[in-house]
Amino acid sequence: GLVNGLPNAGAADVFVTRFVSDCVGLSLGADFRCPPGHFCTPGMVNLEDGRCPRGTYSPYYSLANVSQCLMCPRGSYCDTLGATAVTAPCAAGYYCTGGAADEQAGTCDIRSLVCDTPSCEAMHGVAANASCGGTCTAGNYCPEGSYQETPCTAGSYCGDPALGNVSGLCNPGYYCKAGSDSAFGISYNQSACPQGSYCPAGTADPNSCPRGTSSAGRGMVSVDDCLKCEAGYYCPFSEGGNNLDGLTNKKPCTPRYYCPAGSTNASLLCPRGHYCGELTAQPAPCIMGQYQDVIGHTSCKTCFAGAYCPGVETFDSEAGLITDRSDGGAPPCIKGHYCPANTASPIPCSPGTYNPTTHSTNDTACLQCLLGHHCNETGLPAPSGPCSPGFYCPAGTALREPEQYICPRGYGCPEGSAEPEICREGTFSTHPGAHHCTMIVRGFYLKLAGVIDLGWSYAEMNLTNRTEVLAAIADATAQYVCLGSGYAAISVCTNPTRNIMGLCDDGYYCVAGSHTPVPQASLSSGMSYGYAYGDICPVGHRCPSGSGAPIPCSAGLYQGETAKPDCKTIPRGLYATAGDKSVILTCPLGHYCPEGEPTSPIPCPLSTFGNLSSAYALAHCHKCPPGMYCASPGIGLPSGLCGAGFICPTASCTSPTGQRLDSPSTVPCPRGYFCPAGSSRASACPAGTYNTNPNASSLDNCVPCPSGTYCNFEGSGATDQPVTCSAGYYCQVPSTTKTVVSILAALNPPSWGGIATPATTLTKQIGHVTGSPPTFRCPRGFKCPAGTPA
């Protein structure tokens with residue numbers, strides 16, 4: 001038959017025989033092996049007829065018989081035809097023993113013969129209608145994927161069928177063995193907790209009442225339900241469980257020990273901080289004022305000095321249990337307090353005192369508050385802080401701003417003052433509560449300490465312990481008053497009494513707070529109190545009476561000495577720099593310095609030079625000589641010679657090209673002339689020569705007149721051109737030579753910057769100076785028309 005549903009179906013007959021693992025049927029390249037999830041019997045036409053039944057699966061090719069399909073494994077189910085793998089784990093609340101066709105194992109593999117392996121070497125039979133699992137019964141539970149029922153865990157119960165987990169814990173007062181189907185144990189035989197035992201929730205086996213306890217009934221849920229040996233006694237013969245007789249044979253607890261309810265012996269020694277007499281059930285805490293630092297005692301001790309005993313019950317309450325304190329209930333007295341014997345609570349040190357130590361036994365440990373500090377609370381371990389500014393704090397002061405210790409007038413009290421500090425010389429304070437003394441204004445001095453009023457309106461200070469100072473101030477009261485002005489303000493006080501206060505002396509300056517009219521930083525009088533309150537007037541400055549700082553000398557003035565009230569005028573020919581008015585300098589070359597002139601040294605103007613030091617007037621600046629130039633102001637000599645090819649004709653040239661202040665144009669050497677360096681005028685080219693170019697710088701620029709011509713004027717080349725030689729003559733070049741004396745200007749300055757002119761003799765070839773030169777008459781046998789060169 002033909003195999004339907006496969007590629008190229010009908011192209012060839014495919015004979016499916018028994019299972020052969022390595023047999024592959026090929027037809028036109030197609031694979032016709034029996035696919036996974038199927039079996040192919042001989043002559044089978046429709047592949048659907050060979051699907052592995054529900055409850056089975058197969059991941060293998062080429063099965064030949066339904067018996068070769070694998071049974072779905074236990075704990076799983078296979079609910080589809082032709083399955084190649086298991087579908088899923090068995091559902092929670094159910095179990096699957098193998099061959100399950102649904103998640104609850106309600107349907108199973110229906111085959112009667114099953115291969116043991118895929119190759120089917122062995123087979124076994126299956127009974128008709130065989131079970132493949134089922135619903136989990138009460139007393140058991142089945143998690144997902146179960147292949148058998150699991151008995152309910154001991155201490156729990158499983159009260160319904162089809163459970164995936166236990167229902168809950170066994171009820172209190174009952175116990176549940178494994179497999180219990182009720183919260184009270186097995187449903188047909190409820191398991192109440194027996195006499196002599198207790199069963200909290202989730203009990204698997206009853207718990208026996210411990211030694212020293214027992215019970216008379218059933219269903220107890222806690223050890224606390226067990227009857228205990230009476231508190232204050234112990235029951236040495238109580239074995240626990242249902243042994244009630246052991247509780248009646250009790251013995252009294254021994255002194256020094258305590259016996260809680262349920263005790264079987266007297267072994268608990270009384271803890272420290274407690275006492276235990278006869279029949280003690282719980283240790284009694286030592287009361288206030290007592291302690292006990294040794295274990296196993298029947299009484300407490302009186303609290304000792306240096307410790308406090310608040311009663312151990314206080315500590316037990318804080319801890320929530322009976323404490324065994326190493327200090328026995330007598331901790332050391334804390335800082336800021338003292339503790340005499342029998343003290344229940346530390347006694348705080350009073351305000352104005354403090355105590356930095358522990359274990360103090362009496363109030364002598366409370367120290368007076370430190371000088372300059374205050375202690376404003378009880379029980380302080382250290383001072384509260386420094387005294388406020390404007391107040392002073394003797395030892396033992398309680399307040400930060402004690403009214404009785406406000407700083408008096410004439411004194412200053414910075415923060416932390418132990419006593420008022422009298423205002424030193426040069427300072428004063430006019431109001432009570434001054435933080436610091438006020439410095440006397442600069443330019444003044446004040447010789448007296450403890451001054452209370454700089455308006456010279458004296459008021460008595462209120463300090464009886466400063467009698468000597470008060471007496472000195474009282475004696476000097478009249479001297480504070482400005483003479484002739486009564487109680488005047490300092491600004492209008494023109495004549496204060498000098499031996500007490502006044503203006504700083506001439507030649508000195510007094511900064512704020514000065515106590516002398518002649519302060520000197522280098523001496524002790526200027527360095528009192530570690531600071532120089534002024535000094536002697538330095539050089540380069542002036543200090544008139546009442547100076548608060550040295551005043552620099554103005555421009556044009558100087559002062560080379562110290563301690564001077566005024567500056568001096570700078571003499572003519574001298575000057576001082578802006579940064580140092582103590583030294584005068586000689587006026588430099590190229591400048592002049594009039595007497596007291598603020599702007600000295602003044603540079604000589606452009607086009608001039610000044611070759612004298614100590615010059616003091618503009619007249620000492622000379623005009624630049626002809627043939628030279630002066631290019632900048634303030635020069636001591638001319639800048640140089642006039643440039644070659646140019647003329648510097650006057651004494652005002654400012655550049656080597658002949659420019660002047662009144663004419664910015666250059667002055668070039670004209671045609672027909674030559675101008676060596678240093679020329680103040682142009683030199684004409686000699687007769688017989690000419691020059692047609694400007695800016696000639698040398699005699700070499702003058703060339704002989706051309707052959708056939710003559711030049712009968714000096715300076716030819718500007719407007720006069722060479723003239724044609726006369727007929728009957730010939731003008732041959734050169735015609736002759738001429739001796740020229742060249743006055744070469746050279747800068748060789750003497751003290752006044754003049755010019756030296758050494759003479760130099762030159763021989764110059766020239767042309768003709770006349771059109772009929774006698775020595776150049778045309779000879780016989782020749783003709784010489786006009787302009788004949790030879």
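Cut-offs applied
Residues numbered from 1 in each chain as written. Predicted model: local features only at pLDDT ≥ 70, side-chain atom pairs only at ≥ 80, totals over all residues. Heavy atoms only, no water. Helix = DSSP H or I, 4+ residues; strand = E, 2+ residues; numbered from the N terminus. Buried < 20%, exposed > 50% of the residue type's maximum accessible area, 1.4 Å probe, protein only. Contact = heavy atoms within 4.5 Å. Areas by Shrake-Rupley, 256 points an atom, 1.4 Å probe, with all protein chains shown as cover. Salt bridge = Lys/Arg side-chain N within 4 Å of Asp/Glu carboxyl O. Core = buried A, V, L, I, M, F, W, Y, C linked by side-chain atoms within 4.5 Å. pLDDT = per-residue confidence, 0-100. Polar contact = N/O pair within 3.5 Å; in protein donor to acceptor, adjacent residues only side chain to side chain. Disulfide = S-S within 2.5 Å. Arc of directions from axis to C-beta. Pairing = 2+ DSSP bridges.

### Comments concerning the overall build of the chain
- A count of helices and strands for the chain gives 4 helices and 62 strands.
- Relative to its full complement of 790 residues, the chain shows a buried share of 41%.
- Contacts in the chain between residues far apart in sequence, at least 24 positions, make up 49% of those at least 6 positions apart.
- Carbon and sulfur atoms make up 54% of the accessible area of the chain, which amounts to about 38400 Å² in all.

### Brief notes about the pattern of salt bridges
- Scanning the model with the defined rule gives 10 salt bridges in all.
- Here lysine 568 makes a salt bridge to glutamate 561, at a shortest N to O gap of 3.9 Å.

### So, the nonpolar core
- Ranked by size, the top nonpolar core spans 9 residues in total: Tyr77, Cys90, Ala91, Tyr94, Cys96, Ala100, Ala105, Cys108 and Cys132.
- Membership of the second largest hydrophobic core comes to 7 residues, among which are Ile440, Phe444, Leu448 and Met501.

### Observations regarding the confidence of the model for the chain
- In this model, the chain carries an average pLDDT of 83, and 83% of its residues clear a pLDDT of 70 or more.
- Counting interchain partners and residues more than four positions distant, the pLDDT-below-50 stretch residues 455-498 has 70 contacts.
- This stretch, residues 743-756, has a pLDDT under 50; its non-local contacts, to residues over four places away or in other chains, come to 29 contacts.

### A few points about the side chain of histidine 274
- Mapping histidine 274 onto the fold places it in strand β25 (residues 274-275).
- Classification of histidine 274 as buried rests on a relative accessible area of 0%.
- One polar contact links the side chain of histidine 274 to the main-chain carbonyl oxygen of arginine 272, over a distance of 3.0 Å.
- The residues touching histidine 274, leaving out its near neighbours within four places in the chain, are Pro283, Ala284, Pro285, Cys286, Gln292, His297, Cys300, Val312, Asp316, Ile322 and Thr323.

### Describing the state of the cysteines
- If you walk through the whole model with that rule in mind, you get 33 disulfides.
- Paired through a disulfide, cysteine 587 and cysteine 593 show a sulfur-sulfur distance of 2.0 Å. Sign of the S-S torsion, about 80° for the bond between cysteine 587 and cysteine 593, identifies this disulfide as right-handed. Considered together, cysteine 587 and cysteine 593 belong to a single accessibility category, that of buried residues.

### Observations concerning unusual backbone geometry
- Cis geometry marks the peptide bond from serine 600 to proline 601, where omega comes out at 0°.
- In this structure, proline 601 sits in the loop between β49 (591-592) and β50 (602-603).
- The phi angle at alanine 105 is positive, at roughly 60°, despite the residue not being glycine.
- Tracing the sequence through the fold places alanine 105 in the loop between β7 (94-96) and β8 (113-115).
- Among the residues examined, alanine 105 registers a relative accessible area of 7% and is labelled buried.
- Backbone geometry places alanine 563, a non-glycine residue, at a positive phi of 60°.
- Inspection of the secondary structure assignment puts alanine 563 in the loop between β45 (557-558) and β46 (568-569).

### Let's talk about helix α2 (residues 312-319)
- Along α2, the positions that sit buried rather than exposed are Val312, Phe315 and Asp316. Within α2, the buried residues cover an arc of 100° as seen down the axis, which keeps them to one side. Set apart from the buried face of α2 by more than 90 degrees, the exposed residues are Glu313, Ser317 and Glu318.
- Those residues of α2 that are buried are in contact with β25 and β26 (284-285).

### Side note on the pairing of strand β48 (residues 580-586)
- Of the pairings in the sheet, the one linking strand β47 (residues 574-577) to β48 comprises 3 bridges and is antiparallel in character. Along β48, the bridge assignment pairs leucine 574 with threonine 586.
- The antiparallel hairpin formed by β47 and β48 contains 2 residues in its connecting segment.

### Overview of the environment of arginine 272
- Within the secondary structure, arginine 272 sits in the loop between β24 (268-269) and β25.
- Judged by relative accessible area, which is 24%, arginine 272 ranks as partly exposed.
- The contact partners of arginine 272, leaving out residues within four places of it in the chain, are Gln292, Asp293, Val294, Ile295, Thr323, Asp324, Arg325, Ser326 and Gly328.

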